[in-house]
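Coordinate inspection notes
So the chains spell out like this:
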Amino acid sequence: MVGDEVSKTFSDAILLYNASKDDAERLIPIVQEIGDMPLNAISGGLLKGLGPKWKPMASTDTWWREIVTPASAVINNAHELIGTPLIRVKPYDRFERIAQDKRRGKPSRVERTPADREWIEAFCRAADPYNAALVRFMFETAARIDQAVSLEPDDLRPTENKVRVKAQKGHPESWITVSPEMMDELLALPAKRPKNRKTGKFMKPRVFGYGSSTGYNTRWKTICKRAGIQYLSAHPAGRHGFFTELVVRQGVDPVTAAKAGRWSDPNLPMLIYAHAETDEADVRARFRTNHVQEDPVQTPKQQKSKKE
């Protein structure tokens, strides 16, 4: 009488979902917990309640990323394919985030320090050619670390100064333009075949020689220590540094900067990637500055009145 869709469970919806490796690992405990529940019985509050139950010392951002997001994706995928109920989950608000951070005893959203030209140059002076080119490439193009380390020699078009970056975060694969100097730097690097740590087999040649998006970390810490500079990971050195450099330091309009960095909505990088660099004391001092006022021009009638 009510249709087959109403009786579908979360486990049924899983079979319809093409999960990535990371999502599959996150979905296993969710299926074990709510797999037998009908989809129309699963609410946003139920999904949000799994975080405190399973990971009491994690942040609300972690709960959202590792539980609510993959579970919602499975349910809404089934809705699109077979018409089962759609789910919309209200995000954790800032009061919930602050309360959870207080319970954990540490903040969940730490302000990132974006790279600037001085940091980039100091890093490159202490780095080998591969890591110097890697950090310059990300700072210039806003490429993510996984996109950067995945570059292969065939991804370069020297005559056009273009580089192909793979699809990521909902954005398709695309060819982006780099400066001639950046292209020369990339072409000067003999490609390396990194070894897959799990299988022990050599991978295809890569421009920067890394086999994974985390392989750079230890090397970068050594370079930063040698250079006497603060350690920055790839994201603040690349995407955060890119947007702050263009918008805050050089005054490029956010729409242009967002398009160059491949953000679909300029409001997102303005909210997350643009970092103010004016000292707070300097801002307060502006209220104490005596403004020079020009003497108003007096008419003959006003001048006569003043003499009288």
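Now for a quick tour of the structure.

Analysis parameters
Residues numbered from 1 in each chain as written. Predicted model: local features only at pLDDT ≥ 70, side-chain atom pairs only at ≥ 80, totals over all residues. Heavy atoms only, no water. Buried < 20%, exposed > 50% of the residue type's maximum accessible area, 1.4 Å probe, protein only. Helix = DSSP H or I, 4+ residues; strand = E, 2+ residues; numbered from the N terminus. Arc of directions from axis to C-beta. Contact = heavy atoms within 4.5 Å. Phe/Tyr/Trp six-rings, centres within 6.5 Å; stacked < 30°, edge-to-face > 60°. Axes fitted to C-alpha atoms, helices over the stretch in contact; angles between N-to-C directions. Parallel < 35°, antiparallel > 145°, perpendicular 65-115°, else oblique. Nonpolar A, V, L, I, M, F, W, Y, C, P; charged D, E, K, R; others polar.

This part is about helix α5 (residues 94-104). Structural remark: α-helix, 3.6 residues per turn; residues separated by three or four positions point the same way. Buried within α5 we find Gln 100, Asp 101 and Arg 104. Projected onto a plane normal to the axis of α5, the buried residues spread over an arc of 105 degrees and lie on a single side. In α5, the exposed positions that point more than 90 degrees away from the buried face belong to Phe 95, Lys 102 and Arg 103. Among the structural elements, α4 (60-82) are those in contact with the buried residues of α5. Just beyond α5, the residue with positive phi is Gly 105, at close to 80 degrees.

This paragraph deals with unusual backbone geometry. If you check the backbone angles, Ala 142 has positive phi at about 65 degrees while not being a glycine. By secondary structure assignment, the location of Ala 142 is in the loop between α7 (129-141) and α8 (145-149). Looking at Ala 142, the relative accessible area reads 0%, which means it is buried. Notably, Asn 161 is not glycine yet its phi reads approximately 55 degrees, a positive angle. With respect to the helices and strands, the residue Asn 161 is situated in the loop between β1 (156-157) and β2 (162-165).

What the rule picks out here adds up to 6 aromatic pairs. With a centroid separation of 5.2 Å and 25 degrees between ring planes, the pair formed by Trp 119 and Phe 123 is classed as stacked. Residue Trp 119 and its partner Phe 123 are both found in helix α6 (residues 117-126); the two are separated by 4 residues, about one turn of the helix. Taken individually, Trp 119 and Phe 123 each receive the classification buried, so the pair is uniform in this respect.

Here we come to the packing of helix α2 (residues 21-34) against helix α3 (residues 44-54). Packed helix pairs are characterised by how far apart their axes lie and by the angle those axes make with each other. Remark: α2 packs on α3, axes separated minimally by 12 Å, with the N-to-C direction vectors making an angle of 110 degrees. Taken together, the axis directions place α2 and α3 in an arrangement best described as roughly perpendicular. Across from Pro 29, Ile 30, Glu 33 and Ile 34 in α2, the residues of α3 making contact are Leu 46, Leu 47, Leu 50, Lys 53 and Trp 54. When grouped by side-chain class, the residues that make up the contact of α2 with α3 number 7 nonpolar, no polar and 2 charged.

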